[in-house]
Amino acid sequence: MRTRKKMLQATLAIAIGGILLWPEPGRTMEAADAPETVEINSLARLYSGVDFNHAMHTEIASCVQCHHHTTGGEVTDPNCIRCHAKSGEADTVSCKECHSSDRFSKDDLSKRDNPALYHIDKPGLKGAYHLNCVTCHQKTGGPTGCQDCHTMTEAGEKMFQTGQHAPSETTGGEHSGH
Amino acid sequence: MRFFSHQRPELPIVDHVKPDGSQWTLKEKLWLGLSGSDYFKQFFRNPVNWLMIGIFAVGIPLLFQRYIYGLSAVTHASNDYPWGLFLGFGLFGMVPLSASGFMLGTTVELFGRKDFHPIERLALLNGLLGYFFAVIFLEIDLGMWWRLYYPMIVSLGPAAVLFLVAWHVATYLSVQVAEVLPALFEWIGWLKGKRIIRSMTLGLTIAGIILSTLHQGALGALFTYAPAKVHPLWLSANFQWIHFFCSSIFAGLSMVIVSSTLIRNFAGWRCDDEFKNSLDDITIKLGKGCSLAMITYLVIKVVAIAHDQEWAYLLTGWGSYYLLELGVGVVLPMFMFAIGVRNNRASLVRFAAVIAVLGIVWNRLNTSLVCFNWQLYQEIPHWKEVWITITIYSLYFLTYRFIVYRLPIVYSWKGEK
Amino acid sequence: MKTTVSRRTFIKGGLAGTVVATVLPEKKSQAATFEGYPDGMGVLVDLTRCVGCRSCEAACNEEQKLPQPDKPFDDFSVFDEIHHGQKRRTDETRYTVVNRYDVPGLDHPLFRKIQCNHCQEPACLTSCFVNAYTKTPEGAVIYNPNVCVGCRTCMIACPFNIPTFKYSSAFNPRIMKCIFCYDTRLKEGRPPACVEACPQEALTFGKRNKLLEIGRQRIRETPDKYEDHIYGEHEVGGTAWMYLSSVPFDQVGFDTHVPKEPILNYVKDFLGIVPMVLTVWPALFAGFHLLATRKDWLKNKNEDTHEEE
Ligand code: SF4
Ligand code: SF4
Ligand code: SF4
């Protein structure tokens with residue numbers, strides 16, 4: 001338990017700033033301004049990080065599809081338009097700036113208790129990544145298997161009881177009772 | 001037992017003293033006054049005993065298996081059907097069949113109907129043993145059987161229906177022990193004990209009615225915890241407890257008719273003339289009670305369907321099954337009872353009683369097993385579960401027979417009482 | 001002789017009845033009308049997000065120290081397992097399972113995670129006669145194996161078929177069921193292991209009231225995506241774990257016939273008559289007795305007086 005917690009903290013710490021993007025304020029960002037690849041590994045524990053080919057994705061998707069309004073592009077989602085039609089480019093476009101990596105912590109939950117807050121349902125960082133990527137991959141036929149994007153780590157194999165931790169033929173099968 | 005009558009006129013034992021003036025010892029009483037070898041001779045001559053031996057030969061190892069390897073060794077260990085035969089038959093079936101005790105206790109002691117007196121003790125014994133074996137069945141089914149007393153003293157959950165069942169069955173069991181004790185006291189010759197109990201009869205009887213009304217009903221109410229699981233035709237949130245209570249009335253009466261018939265036919269030597277001569281008459285009167293209880297039951301069954309607007313279900317397959325159960329298990333015996341009573345034909349009443357007994361067991365099995373989780377699948381009990389159930393029932397039969405052969409249940413004690 | 005005896009004992013009978021009557025209803029009166037804790041936590045499960053990765057199952061197994069499964073948690077052939085025509089369910093080796101549903105007219109399957117729903121007025125709790133269950137203020141419905149007798153009434157009562165029994169154990173059986181990770185996490189305000197493991201945030205942990213707000217917001221803002229219903233808002237009187245779905249709930253394995261009120265309401269009819277029977281019956285039947293035996297009694301009395309004369 002202890003070590004798990006520590007490991008999680010460590011990986012989190014190492015990975016702060018996993019997505020490095022330098023926005024230039026005052027104008028709409030161009031895809032060309034963005035980095036070639038981004039290493040997404042801030043939460044890597046059960047799976048290794050993802051080497052995200054940003055350049056490739058800019059060719060098949062527009063910025064707003066992933067970055068919402070933060071890159072200053074035209075916002076089309078009727079829910080977002082209500083506030084963000086003219087909010088322009090944000091100071092930062094990094095996912096983790098808005099999507100907390102400690103989703104569901106006491107802190108995170110109490111922040112959302114604010115009755116004036118609209119974004120009570122903003123996903124945490126891990127959720128944001130997966131919801132964004134997987135949903136689009138499902139629609140566009142991109143890879144959707146877990147290990148298509150990141151390989152399972154030793155810790156992952158342990159938790160999933162697979163690979164070298166897979167149940168052997170003789171053990172397991174304790175249930176079903178008949 | 002042809003054995004008795006010819007060579008040994010002093011048998012069966014009905015008195016403390018032998019014809020020669022000496023006392024029967026307790027041991028002799030236990031051996032029915034026979035020598036060991038005679039006893040075993042008559043025992044092994046009886047094919048029923050061989051059947052019992054066969055059942056136990058398999059059943060006892062199965063019981064060991066259950067207690068050493070857990071319930072999953074002898075049942076399907078179903079999470080969808082948490083209650084199998086042990087409770088479905090053993091508890092939900094045995095308890096209504098044992099309502100006889102309080103029914104006849106009330107009739108004789110409270111309503112002063114002395115004409116039922118010859119069968120009162122049999123009814124009380126039938127009640128006592130039924131409940132006792134329901135508890136045995138429970139002890140087989142409970143996961144932590146060694147904690148049977150927990151709801152009594154360790155951790156009380158008084159808002160639960162089962163709490164009421166537990167308390168009432170426990171209290172009622174003691175009441176029934178007290179009610180049957182006088183027979184034992186007469187037999188062993190401890191008259192003081194008998195007098196003490198006698199003085200409590202009325203209190204015990206009234207306690208019996210209260211406890212019986214409530215726990216017979218409570219067994220039905222248990223199923224109202226599963227309004228979305230039991231088929232709507234077998235469940236009525238408002239009337240379930242009345243259904244169970246009302247059907248227990250004819251179930252209990254029918255069971256006494258069945259057991260008195262068996263005793264008269266197969267243990268005639270043990271019955272005294274009062275019992276034998278009044279039995280037809282009593283049987284017909286009990287049959288009348290049954291038919292009245294059954295018509296009441298049918299009416300509230302219909303009321304429940306009307307109340308819950310369930311007519312449409314009657315047209316489905318389950319509806320046919322439901323009608324079959326009611327038709328064969330209740331309407332048929334009801335008419336047989338009525339005709340038997342009207343034409344004074346005890347044999348027809350007896351036949352009706354057998355059907356009614358099976359009908360009520362069928363109803364309880366339907367409620368707890370067949371029509372439970374009817375939308376899922378049909379659970380067929382494991383053969384070991386069936387066998388253990390039969391084993392325990394055989395044990396019930398043997399105990400029943402053992403006591404009837406000895407204590408003054410169907411005969412009156414000739415000695416001091 | 002009998003009747004004179006019973007005359008005397010009539011008082012005793014009445015007394016015994018009254019004692020029973022005063023002792024027992026006391027115990028019934030708690031028949032709880034408990035509404036759940038206002039600040040209780042819950043989880044909103046969004047079927048449109050779940051991808052069937054089984055991370056939650058794996059995390060639960062680890063967190064709750066459950067036995068090794070038959071197949072690894074990244075083996076998706078389990079979705080095709082059918083027992084008695086049913087998809088996988090909770091059992092003594094797993095507190096939670098994810099099942100796949102191929103909904104006609106939908107180009108992709110949907111997945112549903114099941115576990116204890118931590119009802120506001122849990123049927124398991126109200127049916128338990130040794131109080132083995134507790135609804136904690138944090139919202140979890142937890143179980144105490146030290147008082148449980150193994151009668152399995154909770155399994156009968158649970159409208160979602162969640163509690164399971166460790167049938168395989170002869171000496172240490174117990175109920176096995178999701179406890180919202182109460183001991184290890186919820187108590188300290190941390191999300192349950194399955195929630196934390198879910199990559200898709202298909203499981204949203206928070207105060208139940210807040211979750212309802214979130215659920216309504218999702219439905220309101222993307223009405224095309226969702227059925228206009230939060231399963232568990234009202235089902236069986238409300239549950240702490242609730243569901244959103246893109247298709248009618250009965251198409252993804254939900255029992256849509258569960259009542260909208262707590263299961264206990266169905267039992268109240270019976271519990272209501274208990275005090276009545278306890279108090280009225282003794283007097284009623286003692287009365288019957290007096291009426292029925294009046295003649296005998298008078299006769300006896302006359303005989304007595306004759307003898308005296
Ligand atoms: S889902 Fe079932 S086990 Fe869980 S709290 Fe509700 S009734 Fe109890
Ligand atoms: S809340 Fe905890 S116990 Fe329940 S399913 Fe999730 S991980 Fe398992
Ligand atoms: S972890 Fe999340 S996405 Fe994966 S199966 Fe469980 S609920 Fe679905």
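Residues numbered from 1 in each chain as written. Chains lettered and ligands numbered in written order. Predicted model: local features only at pLDDT ≥ 70, side-chain atom pairs only at ≥ 80, totals over all residues. Heavy atoms only, no water.

Undergrad: An account of the sheet that holds strand β9 (residues 241-244) of chain C is requested, with residue identities and associated values reported.
TA: One key point about sheets: their strands pair by backbone hydrogen bonds, in either a parallel or an antiparallel sense. Residue and element names in this part refer to chain C. Read across the open sheet, the three strands follow the order β8-β1-β9; overall the sheet is mixed. In this open sheet, the two edge strands, each paired with only one partner strand, are β8 (203-207) and β9. Neighbour to neighbour, the strand axes of the sheet diverge by 25 degrees on average, direction disregarded. Pairing of strand β1 (residues 41-46) with β9, which is carried by four bridges, proceeds in the parallel orientation. Residue pairing across strands places L44 opposite M242, the latter belonging to β9. Together, β1, β8 and β9 form the strand contacts of helix α6 (residues 208-221), whose direction differs from that of β8 by roughly 130 degrees. (Pairing = 2+ DSSP bridges. Helix = DSSP H or I, 4+ residues; strand = E, 2+ residues; numbered from the N terminus. Axes fitted to C-alpha atoms, helices over the stretch in contact; angles between N-to-C directions. Contact = heavy atoms within 4.5 Å.)

Undergrad: Explain helix α11 (residues 191-198) of chain B to me, and be specific about the residues and the numbers.
TA: Residues and elements named next belong to chain B. Of all the positions in α11, only L191, G193, K194 and I197 are classed as buried. The arc that holds every buried residue of α11, seen down its axis, measures 155 degrees, which confines them to one face. Those residues of α11 that are exposed and aimed more than 90 degrees away from the buried face are K192 and R195. For α11, the elements touching its buried residues are α8 (117-141), α10 (161-188) and α12 (201-221). (Buried < 20%, exposed > 50% of the residue type's maximum accessible area, 1.4 Å probe, protein only. Arc of directions from axis to C-beta.)

Undergrad: Give a description of the environment of B:G33 that names residues and reports values.
TA: All names here are of chain B. Note that G33 resides in the loop between α2 (26-30) and α3 (36-45). Here G33 falls in the buried class, since its relative accessible area comes to 8%. Along the primary structure G33 and L253 are separated by 220 residues, whereas in three dimensions their C-alpha atoms are 33 Å apart.

Undergrad: Quick one: what's the story with unusual backbone geometry, residue by residue and with numbers?
TA: Even without a glycine there, the phi angle at A:Q161 is positive, about 50 degrees. Mapped onto the elements, A:Q161 comes out in the segment after α9 (154-160). A positive phi angle, close to 70 degrees, is found at C:R152, a residue other than glycine. Positionally, C:R152 belongs in the loop between β5 (141-143) and α4 (153-157).

Undergrad: I'd love a proper account of the side chain of C:T90, names of residues and values included.
TA: Looking at the element boundaries, C:T90 is found in the loop between α2 (55-63) and β2 (97-101). The class for C:T90 is buried, based on a relative accessible area of 2%. Of note is the side chain of C:T90, whose polar atom sits 3.4 Å from the side chain of C:R89. Once residues lying within four places of it in the same chain are set aside, the contact partners of C:T90 are B:N79, C:Y95, C:T96, C:V97, C:N161, C:I162 and C:T164. (Polar contact = N/O pair within 3.5 Å; in protein donor to acceptor, adjacent residues only side chain to side chain.)

Undergrad: Please give an account of the domain arrangement of chain C that cites residues and values.
TA: Each domain of chain C was delimited in the assignment, giving domain 1 (41-122 + 155-262) and domain 2 (268-299). A C-alpha centroid distance of 51 Å is found between domain 1 of chain C and domain 2 of chain C. (Domains from an automatic or database assignment.)

Undergrad: Could you give me a rundown of the interface of chain B and chain C, with the residues and numbers involved?
TA: Accessible area lost when the parts come together is the quantity often used to give the size of an interface. Counting residues at the interface gives 69 residues for chain B, matched by 71 residues for chain C. A per-residue breakdown of the area chain B buries against chain C is headed by B:N79, B:M144 and B:Y225, which together make up 11% of the total. Here chain B and chain C share two salt bridges between them. Between C:R89 and B:D80 there is a salt bridge, and its shortest N-O distance comes to 2.5 Å. (Buried area = accessible area lost by both parts, 1.4 Å probe. Salt bridge = Lys/Arg side-chain N within 4 Å of Asp/Glu carboxyl O.)

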